[in-house]
Amino acid sequence: MDRRAFLAGGAALALSPRVGLPADGRTLRAASARRALAGAGHPDTAVWAYNGSVPGPELRFKQGERLKIAVENGLGADTTVHWHGVRLPNAMDGVPHLTQPPIAANGGRFVYEFDLPDAGTYWYHPHLGSPEQVGRGLYGALIVEEREPPVVDRDLVWVLSDWRLDREARIREDFGNAMDASHAGRIGNTVTVNGAVRDTFAVRSGERIRLRLINASNARLYGLVFEGHSAVVIALDGHPVVPHTVERIVLGPAMRADIVLDCTAKPGSEHRVVDGFYRQRAYELLKLVYSPEPAVRATFAAPPRLAPNPVSKPDAASWKRHQIVFGGGMMGAMPSEGANKGLFWTVNGRPVPEHDHGQAPLLALSLRESYVLDLVNDTAWHHPIHLHGHVFRVLSRNGTPLVREEWGDTVLLDPKTRAEIAFVADNPGSWMLHCHVLEHQASGMMAVVRVG
């Protein structure tokens, strides 16, 4: 059932808390907390949270600034923090046993410090026991503002997530079950925006909003339609694209989109935002509710085009090609039992447990060389494939070149499809390549790419 049939309630949308970070840094503390996820009339939910909030503090920096944050672990389990989408030094990537030791339970501490070369919408989350730790609420937005940001009336973040709750609004403790792992992943029954079930989002006629959408769900894909409005995409995974209008914004887990939403409707009107990604399961995420005040403007300038980030461009004349085939899962060629118990997915025929980094890398790439990866989804399921430490250009889908230039760190592969991505291997170290349906990653669909 959809989350409104299951849990009703909510109020006007509030932003997650913003953190103005001093030059000498700030602390994020991961610990247990209780939050009102399900809305009025329902008990608070026991969660894991950064600084007591879900999502965690919204971290905002300017492009080129240096991030310095100490992470303290108040959980009863080891953890790390991965800064998703950021081109950073390998030692700061947050992958346990590959780039750093785990941050020990009950008081461990680790300081992350790195420069932020690219403007855009990013996020942070654990990379240890990810299906459970992210599924319990450990994630937050990392926003890197342009040196000269576009003029808008409001710059807002919606962190989308879903939860598997019982009727007392408690998180169901069935993490890691084989059904989720071998099928679509852990899809919840309650969808939240910035940590709560929402009914409405207040807008004013004539205002222009930059809306940063982040999919922080373990496995749910979103297909958002803003009824009565034109959603103009200006960035994907933090990186600028030619502004273009889309009927539906599709986001796989970990993916982001920046849109310009011009509020062109009449004062006092209401308009639905509908998530219709899954057939026969469309539901109303919330309503855009216009205030009765007169419009602040009658006409809008053209949507802004953002300045490109300083990303190395791959050289088509010299790039080398590799094919990577993602296999397994229910209705597919799953690994044999025995040594592969609990593993359901493969990368080039090999299943790798979540934190087994002792095997040889899938690819060994030369520093500063250009590469094309032909990513083939030979399964019956969706897979958002994420490459750490680099930004790639999506060249084609199913052999058809993309109409417009598109850069990112995560590419969504539909069932039985393929995509070509190109990038420069300009960041030395051992980097993860994996499916960001977290249950798929934990049960075999991950590998390591070594650069330099």
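Residues numbered from 1 in each chain as written. Predicted model: local features only at pLDDT ≥ 70, side-chain atom pairs only at ≥ 80, totals over all residues. Heavy atoms only, no water.

1. Section: the overall build of the chain
Line of reasoning, step 1. A count of helices and strands for the chain gives four helices and 34 strands.
Line of reasoning, step 2. Taken over the C-alpha trace, the chain has a radius of gyration of 21 Å; the compact-globule value for 452 residues is 22 Å, and the two agree within 12%.
Line of reasoning, step 3. Each principal axis of the C-alpha atoms in the chain carries an extent, and together these give about 65 × 55 × 50 Å.
Line of reasoning, step 4. When burial is assessed residue by residue, the chain has 59% of its 452 residues classed as buried.
Line of reasoning, step 5. Within the chain, contacts between residues separated by at least 24 positions form 77% of all contacts whose residues are at least 6 apart in sequence.
Line of reasoning, step 6. Accessible surface computed for the chain: about 17,300 Å², of which carbon and sulfur atoms make up 51%.
Line of reasoning, step 7. Charged side chains in the chain number 48 positive and 48 negative. The centres of these two groups are separated by 1 Å. (Helix = DSSP H or I, 4+ residues; strand = E, 2+ residues; numbered from the N terminus. Rg over C-alpha atoms; globule rule 2.2 N^0.38 Å. Buried < 20%, exposed > 50% of the residue type's maximum accessible area, 1.4 Å probe, protein only. Contact = heavy atoms within 4.5 Å. Areas by Shrake-Rupley, 256 points an atom, 1.4 Å probe, with all protein chains shown as cover. Lys, Arg positive; Asp, Glu negative; His and termini not counted. Charge placed at Lys NZ, Arg CZ, Asp CG, Glu CD.)

2. Some details on the confidence of the model for the chain
Line of reasoning, step 1. Here the chain shows a mean pLDDT of 93. Residues at 70 or above account for 94%.
Line of reasoning, step 2. This stretch, residues 1-24, has a pLDDT under 50; its non-local contacts, to residues over four places away or in other chains, come to 79 contacts. (pLDDT = per-residue confidence, 0-100.)

3. With respect to the packing of aromatic side chains
Line of reasoning, step 1. This structure, assessed with the given rule, holds nine aromatic pairs.
Line of reasoning, step 2. Relative to Phe226, the ring of Trp158 has its centre 6.1 Å away and its plane inclined at 25 degrees; by these criteria the two rings are stacked. Here the residue Trp158 occupies a position in strand 10 (residues 154-163), and Phe226 occupies one in strand 14 (residues 222-226), the gap between them amounting to 68 residues. We note that Trp158, like Phe226, is buried.
Line of reasoning, step 3. Ring pairs connect the aromatic residues Tyr50, Trp83, Phe110, Tyr112, Phe114 and Tyr124, which therefore count as one cluster.
Line of reasoning, step 4. Note that Arg136 overlies the ring of Trp48, its terminal NZ or CZ placed 5.1 Å from the centroid. (Phe/Tyr/Trp six-rings, centres within 6.5 Å; stacked < 30°, edge-to-face > 60°. Lys NZ or Arg CZ within 6 Å of the ring centre and 35° of its normal.)

4. Quick look at unusual backbone geometry
One can expect most non-glycine residues to show negative phi and most peptide bonds to be in trans.
Line of reasoning, step 1. For the bond from Val54 to Pro55, the omega torsion is -5 degrees, close enough to zero to count as cis.
Line of reasoning, step 2. Within the element layout of this structure, Pro55 appears in the loop between strand 3 (45-50) and strand 4 (58-62).
Line of reasoning, step 3. Notably, Asn106 is not glycine yet its phi reads approximately 60 degrees, a positive angle.
Line of reasoning, step 4. Here Asn106 lies in the loop between strand 6 (82-84) and strand 7 (109-115).
Line of reasoning, step 5. Even without being a glycine, Gln280 presents a positive backbone phi close to 65 degrees.

5. Some points on the pattern of salt bridges
Line of reasoning, step 1. For the structure on display, the rule yields 34 salt bridges.
Line of reasoning, step 2. Asp115 serves as the salt-bridge partner of Arg66, at 2.9 Å between the closest nitrogen and oxygen. With Arg66 in strand 5 (residues 66-73) and Asp115 in strand 7, this pair connects stretches of sequence that are 49 residues apart.
Line of reasoning, step 3. Residue Arg66 is classed as partly exposed on the basis of its relative accessible area of 44%.
Line of reasoning, step 4. On the basis of relative accessible area, Asp115 is assigned to the partly exposed category, the value being 41%. (Salt bridge = Lys/Arg side-chain N within 4 Å of Asp/Glu carboxyl O.)

6. Comments concerning the pairing of strand 3
Line of reasoning, step 1. Judged by how many residues are buried, strand 3 sits mostly within the fold: five of six residues are covered.
Line of reasoning, step 2. Two strands pair when backbone bridges link them, and strand 2 (residues 26-35) and strand 3 are joined in this way by six bridges, in the antiparallel orientation. Its bridge partner lying in strand 3, Arg34 is registered against Ala46. (Pairing = 2+ DSSP bridges.)

7. Section: the sheet that holds strand 11 (residues 190-193)
Line of reasoning, step 1. The six strands are arranged 11-10-13-18-15-16 in an open sheet whose pairing can be described as mixed. Sheet topology places strand 11 and strand 16 (239-246) at the edges, where each strand pairs with a single neighbour. The sheet shows a mean angle of 25 degrees between the axes of neighbouring strands, taken without regard to direction.
Line of reasoning, step 2. Pairing geometry for strand 15 (residues 231-236) and strand 18 (residues 256-262), over five bridges, is antiparallel. Bridge pairing links Ala231 to Leu261 in strand 18. (Axes fitted to C-alpha atoms, helices over the stretch in contact; angles between N-to-C directions.)

8. Topic: the nonpolar core
Line of reasoning, step 1. Counting residues in hydrophobic clusters, the biggest one holds 57 residues, and the most contacted among them are Trp83, Tyr112, Phe114, Leu142, Ile324, Leu375 and Ile385.
Line of reasoning, step 2. Those residues in contact with Leu142 that lie beyond four places of it in its chain are Leu59, Phe61, Leu67, Trp83, Val86, Leu116, Gly120, Thr121, Tyr122, Trp123 and Tyr124. (Core = buried A, V, L, I, M, F, W, Y, C linked by side-chain atoms within 4.5 Å.)

9. Considering the side chain of Asn377
Line of reasoning, step 1. Among the secondary structure elements, Asn377 is positioned in strand 25 (residues 370-377).
Line of reasoning, step 2. For Asn377, the side chain forms a polar contact with the main-chain oxygen of Leu413, separated by 3.3 Å.
Line of reasoning, step 3. In contact with Asn377, other than residues within four places in its own chain, are Phe326, His383, Leu413, Asp414, Pro415, Lys416 and Thr417. (Polar contact = N/O pair within 3.5 Å; in protein donor to acceptor, adjacent residues only side chain to side chain.)

10. Let's talk about the pairing of strand 21 (residues 320-328)
Line of reasoning, step 1. The pairing of strand 21 with strand 25 spans seven bridges and is parallel. Along strand 25, the bridge assignment pairs Phe326 with Asn377.
Line of reasoning, step 2. Two strands pair when backbone bridges link them, and strand 21 and strand 22 (residues 345-347) are joined in this way by three bridges, in the antiparallel orientation. Paired with Phe326 across the two strands is Val347, which belongs to strand 22.

11. So, the sheet that holds strand 5
Line of reasoning, step 1. Strand order in the open sheet made by the four strands is 3-2-5-7, with mixed pairing throughout. Unpaired on one side and paired on the other, strand 3 and strand 7 mark the two borders of the sheet. Strand-to-strand twist across the sheet, computed as the mean angle between neighbouring axes with direction ignored, equals 20 degrees.
Line of reasoning, step 2. With seven bridges connecting them, strand 5 and strand 7 associate as antiparallel partners. For Lys68, the partnering residue across the bridge sits in strand 7 and is Glu113.

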